[in-house]
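# Structural description and commentary
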Amino acid sequence: MAHSYTPGLTVTEQTVVRRRRVLPLPGKVLVNTGDRVQCDQAVARAELPGKVYPINLANQLSIAPDEIKEYLVKKEGDLVRKDEILAENKPLIKWFKTEIKSPVTGTIESLSMVTGQVLLREPPRMLDLLAYIDGAVVETIPQQGVVVEASCSLVQGIFGIGGEVWGEIVVAVKAPDEALTPAHLKPDMKGKIVIGGSFLPAETMAKAKELGVAGLVVGGIHDKDLRALLGYDLGVAITGTEQVGFTLILTEGFGTIPMAAKTFKLLSAHEGQKASISGATQIRAGVIRPEIIIPQAAAAAAEAVHAQREGIRIGDPVRIIRDPLFGKIGEVSALPSDLTKIPTESEVRVLEVTFADGARTVIPRTNIEVIEGA
(Lines give C-alpha, C1' and ligand atoms only; values in the text may rest on other atoms or scores of the structure.)
Protein backbone atom coordinates (compact mmCIF):
# COMPACT_ATOMS: atom_id res chain seq x y z
CA MET A 1 0.00 0.00 0.00
CA ALA A 2 1.28 3.50 -0.83
CA HIS A 3 2.09 5.74 2.11
CA SER A 4 0.63 9.23 2.43
CA TYR A 5 2.13 11.64 4.92
CA THR A 6 4.09 14.86 5.07
CA PRO A 7 7.75 14.42 6.05
CA GLY A 8 8.24 16.34 9.26
CA LEU A 9 10.82 18.14 11.27
CA THR A 10 13.77 16.23 12.63
CA VAL A 11 14.21 16.43 16.39
CA THR A 12 16.85 13.90 17.36
CA GLU A 13 19.42 13.43 20.09
CA GLN A 14 21.97 11.76 17.85
CA THR A 15 22.56 11.98 14.13
CA VAL A 16 25.25 12.85 11.61
CA VAL A 17 24.98 15.91 9.40
CA ARG A 18 27.06 17.10 6.49
CA ARG A 19 27.16 20.74 5.50
CA ARG A 20 28.57 21.84 2.15
CA ARG A 21 30.50 25.09 2.52
CA VAL A 22 31.15 26.75 -0.85
CA LEU A 23 32.55 30.16 -1.78
CA PRO A 24 30.51 32.42 -4.11
CA LEU A 25 33.51 32.70 -6.44
CA PRO A 26 36.78 30.76 -6.90
CA GLY A 27 39.27 31.07 -4.06
CA LYS A 28 41.64 29.03 -1.90
CA VAL A 29 40.76 26.12 0.38
CA LEU A 30 42.58 26.49 3.73
CA VAL A 31 42.07 23.02 5.24
CA ASN A 32 42.62 19.40 4.24
CA THR A 33 40.44 16.31 4.26
CA GLY A 34 40.47 14.80 7.75
CA ASP A 35 41.13 18.08 9.57
CA ARG A 36 39.01 18.90 12.62
CA VAL A 37 37.50 22.36 12.38
CA GLN A 38 35.63 24.73 14.71
CA CYS A 39 32.48 26.62 13.73
CA ASP A 40 34.24 29.99 13.62
CA GLN A 41 37.28 28.71 11.69
CA ALA A 42 37.91 29.86 8.11
CA VAL A 43 37.94 26.85 5.78
CA ALA A 44 38.26 28.75 2.48
CA ARG A 45 39.04 32.28 1.36
CA ALA A 46 38.37 34.39 -1.72
CA GLU A 47 39.04 37.93 -2.87
CA LEU A 48 35.95 39.96 -3.65
CA PRO A 49 36.63 42.57 -6.35
CA GLY A 50 36.58 46.11 -5.01
CA LYS A 51 33.86 48.60 -5.88
CA VAL A 52 34.30 50.58 -9.12
CA TYR A 53 34.09 54.39 -9.16
CA PRO A 54 33.72 56.14 -12.54
CA ILE A 55 35.03 59.72 -12.88
CA ASN A 56 34.33 61.78 -16.00
CA LEU A 57 37.56 63.76 -16.28
CA ALA A 58 36.65 65.27 -19.65
CA ASN A 59 33.58 66.98 -18.19
CA GLN A 60 35.29 68.14 -15.01
CA LEU A 61 38.30 69.60 -16.86
CA SER A 62 36.23 70.86 -19.83
CA ILE A 63 38.40 69.06 -22.36
CA ALA A 64 37.83 66.64 -25.22
CA PRO A 65 37.68 62.93 -24.20
CA ASP A 66 40.71 62.05 -26.32
CA GLU A 67 42.81 64.61 -24.43
CA ILE A 68 42.53 63.13 -20.93
CA LYS A 69 45.94 61.39 -21.04
CA GLU A 70 47.61 64.81 -21.32
CA TYR A 71 46.06 65.90 -18.03
CA LEU A 72 46.45 62.71 -15.99
CA VAL A 73 49.01 62.79 -13.17
CA LYS A 74 48.65 59.03 -12.75
CA LYS A 75 48.53 56.40 -15.48
CA GLU A 76 46.48 53.25 -16.00
CA GLY A 77 47.37 50.57 -13.43
CA ASP A 78 48.81 53.01 -10.88
CA LEU A 79 47.85 52.94 -7.22
CA VAL A 80 46.19 56.08 -5.91
CA ARG A 81 45.23 57.18 -2.42
CA LYS A 82 42.09 59.00 -1.40
CA ASP A 83 42.35 62.76 -2.08
CA GLU A 84 45.50 62.28 -4.13
CA ILE A 85 45.52 64.28 -7.40
CA LEU A 86 44.46 62.20 -10.42
CA ALA A 87 44.50 64.90 -13.08
CA GLU A 88 44.98 68.63 -13.38
CA ASN A 89 45.07 71.34 -16.00
CA LYS A 90 47.93 73.79 -16.52
CA PRO A 91 46.45 77.26 -17.01
CA LEU A 92 48.56 80.40 -17.52
CA ILE A 93 47.00 81.89 -14.41
CA LYS A 94 47.33 79.59 -11.39
CA TRP A 95 44.02 80.74 -9.88
CA PHE A 96 42.24 79.02 -12.77
CA LYS A 97 43.93 75.70 -12.05
CA THR A 98 41.61 72.69 -11.61
CA GLU A 99 42.69 69.60 -9.70
CA ILE A 100 40.70 66.36 -9.76
CA LYS A 101 41.27 64.31 -6.61
CA SER A 102 40.60 60.61 -6.12
CA PRO A 103 37.44 59.92 -4.05
CA VAL A 104 38.84 56.55 -2.86
CA THR A 105 42.01 54.59 -2.33
CA GLY A 106 42.47 52.10 -5.14
CA THR A 107 43.84 51.45 -8.60
CA ILE A 108 43.28 53.20 -11.92
CA GLU A 109 41.69 50.26 -13.71
CA SER A 110 40.97 51.79 -17.10
CA LEU A 111 40.43 55.01 -18.99
CA SER A 112 38.37 55.72 -22.09
CA MET A 113 39.43 58.13 -24.84
CA VAL A 114 35.85 57.94 -26.16
CA THR A 115 33.88 58.89 -23.07
CA GLY A 116 36.62 60.70 -21.16
CA GLN A 117 36.00 58.53 -18.09
CA VAL A 118 38.49 57.00 -15.68
CA LEU A 119 37.50 53.91 -13.69
CA LEU A 120 38.93 53.54 -10.19
CA ARG A 121 38.63 50.23 -8.32
CA GLU A 122 38.94 49.87 -4.58
CA PRO A 123 41.28 47.16 -3.20
CA PRO A 124 39.78 43.65 -3.09
CA ARG A 125 38.07 42.53 0.09
CA MET A 126 38.94 39.20 1.69
CA LEU A 127 35.98 36.86 2.15
CA ASP A 128 36.47 34.12 4.73
CA LEU A 129 34.15 31.11 4.53
CA LEU A 130 33.60 29.72 8.04
CA ALA A 131 33.00 26.07 8.91
CA TYR A 132 29.66 26.89 10.67
CA ILE A 133 29.72 23.64 12.69
CA ASP A 134 32.35 21.85 14.78
CA GLY A 135 33.30 18.71 12.91
CA ALA A 136 35.66 17.03 10.45
CA VAL A 137 36.40 17.90 6.85
CA VAL A 138 35.31 14.87 4.80
CA GLU A 139 35.74 16.41 1.35
CA THR A 140 37.58 19.35 -0.19
CA ILE A 141 36.33 21.01 -3.37
CA PRO A 142 39.30 22.67 -5.14
CA GLN A 143 39.02 26.48 -5.27
CA GLN A 144 35.47 26.28 -3.91
CA GLY A 145 35.15 24.94 -0.38
CA VAL A 146 34.65 21.85 1.75
CA VAL A 147 32.11 19.43 3.20
CA VAL A 148 32.07 19.32 7.01
CA GLU A 149 30.62 16.34 8.87
CA ALA A 150 29.53 16.39 12.50
CA SER A 151 27.98 13.99 14.95
CA CYS A 152 25.35 16.05 16.72
CA SER A 153 21.93 16.60 18.19
CA LEU A 154 19.67 18.21 15.59
CA VAL A 155 16.48 20.26 15.90
CA GLN A 156 14.75 21.61 12.82
CA GLY A 157 12.29 24.49 12.95
CA ILE A 158 9.25 25.52 10.94
CA PHE A 159 10.46 28.99 10.00
CA GLY A 160 13.41 31.28 10.65
CA ILE A 161 15.16 34.48 9.69
CA GLY A 162 18.78 35.56 10.04
CA GLY A 163 22.07 33.95 9.17
CA GLU A 164 24.45 31.47 10.73
CA VAL A 165 25.46 32.14 14.33
CA TRP A 166 26.72 30.09 17.25
CA GLY A 167 26.78 30.39 21.00
CA GLU A 168 25.99 28.75 24.31
CA ILE A 169 22.45 27.45 24.82
CA VAL A 170 20.50 29.17 27.60
CA VAL A 171 16.99 28.02 28.50
CA ALA A 172 15.16 31.13 29.71
CA VAL A 173 11.75 29.62 30.57
CA LYS A 174 10.67 26.78 32.82
CA ALA A 175 8.10 25.15 30.53
CA PRO A 176 7.40 24.85 26.79
CA ASP A 177 4.06 26.68 27.15
CA GLU A 178 5.62 29.75 28.84
CA ALA A 179 6.03 32.90 26.76
CA LEU A 180 9.47 34.48 26.51
CA THR A 181 9.08 37.95 28.05
CA PRO A 182 11.60 40.81 28.34
CA ALA A 183 12.03 39.93 32.03
CA HIS A 184 13.53 36.56 31.02
CA LEU A 185 16.44 38.21 29.19
CA LYS A 186 19.55 39.11 31.21
CA PRO A 187 22.75 40.99 30.28
CA ASP A 188 24.83 37.81 30.54
CA MET A 189 22.85 36.35 27.59
CA LYS A 190 24.85 38.44 25.12
CA GLY A 191 26.15 36.23 22.32
CA LYS A 192 24.08 33.22 23.46
CA ILE A 193 21.27 31.11 21.98
CA VAL A 194 18.19 31.74 24.13
CA ILE A 195 15.45 29.11 24.26
CA GLY A 196 11.90 30.31 24.94
CA GLY A 197 8.52 28.62 25.10
CA SER A 198 5.21 29.32 23.41
CA PHE A 199 5.45 32.92 22.24
CA LEU A 200 7.86 35.76 21.47
CA PRO A 201 6.42 39.28 21.87
CA ALA A 202 7.80 42.30 20.04
CA GLU A 203 9.09 43.79 23.31
CA THR A 204 11.27 40.73 23.89
CA MET A 205 12.77 40.97 20.42
CA ALA A 206 13.64 44.62 21.01
CA LYS A 207 15.40 43.75 24.27
CA ALA A 208 17.22 40.80 22.67
CA LYS A 209 18.60 43.13 20.02
CA GLU A 210 19.64 45.64 22.69
CA LEU A 211 21.46 42.99 24.74
CA GLY A 212 23.20 41.44 21.73
CA VAL A 213 21.58 37.99 21.97
CA ALA A 214 22.89 35.79 19.13
CA GLY A 215 19.76 33.71 18.59
CA LEU A 216 16.20 33.16 19.79
CA VAL A 217 14.37 29.82 19.55
CA VAL A 218 10.65 29.84 20.42
CA GLY A 219 7.40 28.08 19.56
CA GLY A 220 5.57 30.93 17.84
CA ILE A 221 5.33 34.60 16.97
CA HIS A 222 2.63 36.92 15.60
CA ASP A 223 3.07 37.63 11.90
CA LYS A 224 2.47 41.36 12.51
CA ASP A 225 5.42 41.42 14.93
CA LEU A 226 7.63 39.74 12.33
CA ARG A 227 6.52 42.29 9.74
CA ALA A 228 7.35 45.13 12.13
CA LEU A 229 10.75 43.61 12.90
CA LEU A 230 11.68 43.29 9.23
CA GLY A 231 9.95 46.41 7.97
CA TYR A 232 8.37 44.51 5.06
CA ASP A 233 6.32 41.41 4.21
CA LEU A 234 8.28 38.25 3.50
CA GLY A 235 7.56 36.59 0.18
CA VAL A 236 8.22 32.99 -0.80
CA ALA A 237 11.93 33.42 -1.40
CA ILE A 238 14.60 31.87 0.82
CA THR A 239 15.28 33.63 4.12
CA GLY A 240 18.55 33.77 6.02
CA THR A 241 20.10 37.05 4.90
CA GLU A 242 18.03 39.35 7.12
CA GLN A 243 19.92 41.77 9.37
CA VAL A 244 17.74 42.22 12.48
CA GLY A 245 20.40 41.85 15.18
CA PHE A 246 19.81 38.16 15.93
CA THR A 247 18.77 34.88 14.30
CA LEU A 248 15.20 33.76 15.02
CA ILE A 249 13.87 30.19 14.76
CA LEU A 250 10.22 29.20 15.22
CA THR A 251 9.78 25.54 16.07
CA GLU A 252 5.99 25.41 15.71
CA GLY A 253 4.60 28.27 13.60
CA PHE A 254 2.76 31.59 13.80
CA GLY A 255 0.65 32.40 16.82
CA THR A 256 0.94 31.38 20.45
CA ILE A 257 1.94 27.71 20.19
CA PRO A 258 3.74 25.81 22.96
CA MET A 259 7.05 24.34 21.87
CA ALA A 260 6.82 20.57 21.34
CA ALA A 261 7.71 18.82 24.58
CA LYS A 262 10.29 16.64 22.81
CA THR A 263 12.00 19.70 21.33
CA PHE A 264 12.02 21.60 24.63
CA LYS A 265 13.34 18.57 26.52
CA LEU A 266 16.18 18.02 24.05
CA LEU A 267 17.28 21.66 24.06
CA SER A 268 17.04 21.83 27.85
CA ALA A 269 19.23 18.74 28.18
CA HIS A 270 22.00 20.59 26.32
CA GLU A 271 21.85 23.86 28.22
CA GLY A 272 25.35 25.30 28.57
CA GLN A 273 26.64 23.60 25.41
CA LYS A 274 27.62 25.37 22.21
CA ALA A 275 25.21 25.23 19.29
CA SER A 276 25.30 26.45 15.71
CA ILE A 277 22.02 27.77 14.32
CA SER A 278 20.75 29.07 10.98
CA GLY A 279 17.45 30.77 10.21
CA ALA A 280 17.60 30.01 6.47
CA THR A 281 14.18 28.77 5.32
CA GLN A 282 12.76 27.79 1.95
CA ILE A 283 9.26 26.37 1.66
CA ARG A 284 9.21 25.72 -2.08
CA ALA A 285 10.92 22.92 -3.99
CA GLY A 286 14.25 22.10 -2.38
CA VAL A 287 12.97 22.68 1.15
CA ILE A 288 15.44 24.27 3.56
CA ARG A 289 14.66 24.12 7.27
CA PRO A 290 16.03 26.42 9.96
CA GLU A 291 18.19 24.33 12.27
CA ILE A 292 19.92 24.03 15.64
CA ILE A 293 23.01 21.81 15.57
CA ILE A 294 24.60 20.79 18.87
CA PRO A 295 27.94 19.01 18.26
CA GLN A 296 28.57 15.75 20.10
CA ALA A 297 31.62 13.54 20.56
CA ALA A 298 32.96 12.30 17.24
CA ALA A 299 33.10 8.76 18.59
CA ALA A 300 29.31 8.66 18.74
CA ALA A 301 28.96 9.05 14.97
CA ALA A 302 28.81 5.31 14.36
CA GLU A 303 25.70 5.09 16.54
CA ALA A 304 23.82 7.66 14.50
CA VAL A 305 22.73 5.53 11.56
CA HIS A 306 18.94 5.48 11.22
CA ALA A 307 16.80 3.28 9.04
CA GLN A 308 14.98 5.12 6.28
CA ARG A 309 11.36 5.79 7.18
CA GLU A 310 8.88 3.87 5.01
CA GLY A 311 5.69 5.53 6.21
CA ILE A 312 3.75 6.76 9.17
CA ARG A 313 3.23 4.37 12.08
CA ILE A 314 0.97 4.09 15.13
CA GLY A 315 2.63 5.85 18.04
CA ASP A 316 4.41 8.43 15.88
CA PRO A 317 4.35 11.97 17.29
CA VAL A 318 2.75 14.33 14.77
CA ARG A 319 1.91 18.00 14.37
CA ILE A 320 -1.26 19.17 12.63
CA ILE A 321 -0.45 21.67 9.87
CA ARG A 322 -3.94 22.78 8.82
CA ASP A 323 -6.66 24.81 10.52
CA PRO A 324 -8.65 24.60 12.74
CA LEU A 325 -6.19 22.51 14.78
CA PHE A 326 -3.01 24.04 13.33
CA GLY A 327 0.01 23.55 15.58
CA LYS A 328 -1.50 20.94 17.90
CA ILE A 329 0.73 17.97 18.68
CA GLY A 330 -0.49 14.48 19.32
CA GLU A 331 0.19 10.81 18.67
CA VAL A 332 -1.09 8.57 15.89
CA SER A 333 -3.54 6.14 17.47
CA ALA A 334 -5.12 4.53 14.39
CA LEU A 335 -4.43 4.19 10.66
CA PRO A 336 -7.62 3.17 8.83
CA SER A 337 -6.79 1.53 5.52
CA ASP A 338 -9.99 2.51 3.67
CA LEU A 339 -10.53 5.83 1.96
CA THR A 340 -12.79 8.25 3.85
CA LYS A 341 -14.96 11.02 2.39
CA ILE A 342 -14.16 14.44 3.88
CA PRO A 343 -16.30 17.66 3.81
CA THR A 344 -14.83 18.66 0.43
CA GLU A 345 -16.38 15.44 -1.00
CA SER A 346 -12.90 14.05 -1.72
CA GLU A 347 -12.06 10.53 -0.64
CA VAL A 348 -8.68 10.45 1.12
CA ARG A 349 -6.67 8.38 3.54
CA VAL A 350 -7.10 9.53 7.12
CA LEU A 351 -5.60 8.81 10.51
CA GLU A 352 -6.66 9.20 14.10
CA VAL A 353 -4.66 11.48 16.40
CA THR A 354 -4.85 11.37 20.18
CA PHE A 355 -3.86 14.50 22.09
CA ALA A 356 -2.31 14.80 25.55
CA ASP A 357 -5.71 15.53 27.14
CA GLY A 358 -7.16 12.31 25.71
CA ALA A 359 -9.18 14.02 22.96
CA ARG A 360 -9.15 12.33 19.56
CA THR A 361 -9.70 13.54 16.02
CA VAL A 362 -9.68 12.01 12.56
CA ILE A 363 -7.97 14.06 9.86
CA PRO A 364 -6.47 13.55 6.38
CA ARG A 365 -2.94 12.19 6.48
CA THR A 366 -1.71 15.10 4.34
CA ASN A 367 -2.75 17.51 7.12
CA ILE A 368 -0.05 16.33 9.51
CA GLU A 369 3.71 16.18 9.61
CA VAL A 370 5.69 13.62 11.52
CA ILE A 371 8.05 14.86 14.23
CA GLU A 372 10.95 12.68 13.22
CA GLY A 373 13.84 11.73 15.45
CA ALA A 374 15.64 9.03 17.33
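Residues numbered from 1 in each chain as written. Predicted model: local features only at pLDDT ≥ 70, side-chain atom pairs only at ≥ 80, totals over all residues. Heavy atoms only, no water.

### Quick look at the sheet that holds strand 9 (residues 106-111)
We count it as follows: Only strands joined by at least two bridges in the DSSP assignment are considered to pair. Note on conventions: DSSP H or I runs of at least 4 residues are helices, E runs of at least 2 residues are strands, and numbering of each starts at the N terminus.
Ordered by their spatial adjacency, four strands build an open sheet running 5-10-9-6, and the pairing between neighbours is antiparallel. With partners counted over all chains shown, the strands left at the sheet margins are strand 5 (52-56) and strand 6 (79-80), one partner each. When strand 6 meets strand 9, the two strands line up antiparallel, connected through two bridges. Note that in strand 9 the partner of Val80 across the bridge is Gly106.

### Things to note about the environment of Leu216
Note the cut-off: A contact between two residues is defined here by any heavy atoms of the two lying within 4.5 Å.
Position of Leu216 relative to the elements: it lies in strand 17 (residues 215-221). On a C-alpha basis, the gap between Leu216 and Val170 in space is 9.8 Å, while along the polypeptide they are 46 residues apart. Look past the residues within four positions of Leu216 in its chain and what remains in contact with it is Leu180, Val194, Leu200, Ala208, Phe246, Thr247, Leu248 and Ile249.

### Let's talk about the pattern of salt bridges
Short version of the rule: Think of a salt bridge as a Lys or Arg side-chain nitrogen and an Asp or Glu carboxyl oxygen that are within 4 Å of each other. Buried means the residue's accessible area, taken with a 1.4 Å probe over protein chains only, is under 20% of the maximum for its type, while exposed means over 50%, and partly exposed covers the values in between.
In this structure the tally under the stated criterion is 13 salt bridges. When the shortest N-O distance is used, the salt bridge between Arg121 and Glu109 registers 2.4 Å. One end of the pair, Arg121, is in strand 10 (residues 117-121); the other, Glu109, is in strand 9, and 12 residues separate them in sequence. Between Lys274 and Asp134 there is a salt bridge whose closest N-O contact spans 2.8 Å. Of the two residues, Lys274 sits in strand 19 (residues 274-278) while Asp134 sits in the loop between strand 11 (125-130) and strand 12 (135-141), which places them 140 residues apart along the sequence. Under the relative-accessibility criterion, Asp134 is labelled buried at 13%. Among the charged side chains, a network of salt bridges with common partners joins Asp223, Arg227 and Asp233.

### As for the domain arrangement of the protein chain
Using the following cut-off: The domain limits used here are those given by an automatic or database domain assignment.
Split by domain assignment, the protein chain resolves into domain 1 (11-17 + 150-295), domain 2 (52-121) and domain 3 (317-370). Here the C-alpha centre of domain 3 lies 72 Å away from the C-alpha centre of domain 2.

### Side note on helix 5 (residues 261-269)
Cut-off, in case you're wondering: Throughout, the arc means the angular range of directions from the helix axis out to the C-beta atoms.
The set of residues buried in helix 5 consists of Thr263, Phe264, Leu266 and Leu267. Down the axis, helix 5 shows its buried residues gathered within 165° of arc, on one side only. In helix 5, the exposed positions angled more than 90 degrees off the buried face are occupied by Ala261, Lys265 and Ala269.

### Let's talk about the sheet that holds strand 2 (residues 28-29)
Paired through their backbone hydrogen bonds, the strands of a sheet run either parallel or antiparallel. Across the sheet, three strands lie side by side as 2-4-11; this open sheet has antiparallel pairing. A strand with exactly one partner marks an edge of an open sheet, and here the two such strands are strand 2 and strand 11.

### A short note on helix 4 (residues 223-230)
Every buried residue of helix 4 is listed here: Asp225, Leu226 and Leu230. Buried positions in helix 4, seen along its axis, are confined to an arc of 130° and lie on one side of it. The elements touched by buried residues of helix 4 are strand 14 (159-161), helix 3 (202-211), strand 17 and strand 18 (247-254). Looking one or two places after helix 4, you find Gly231, whose phi comes out positive at around 90°.

### Focus: the packing of aromatic side chains
Basically, it comes down to this: A pair of aromatic rings is counted whenever rings of Phe, Tyr or Trp (Trp by its six-membered ring) have centres within 6.5 Å, and the orientation is called stacked for planes under 30 degrees apart, edge-to-face for over 60 and tilted otherwise. Over a ring means this: the NZ of a Lys or the CZ of an Arg is within 6 Å of the ring centre and within 35 degrees of the ring normal.
Per the stated rule, a full pass over the model turns up one aromatic pair. Both rings, one in Phe159 and one in Phe254, keep their centres 5.4 Å apart while their planes meet at 50°; by these two values the pair is tilted. Placement of Phe159 in strand 14 and of Phe254 in strand 18 is noted, with a sequence separation of 95 residues between them. Assessed through its relative accessible area of 36%, Phe254 is described here as partly exposed. When the ring centre of Phe355 is taken as origin, the NZ or CZ atom of Lys328, which lies over that ring, is 4.1 Å away.

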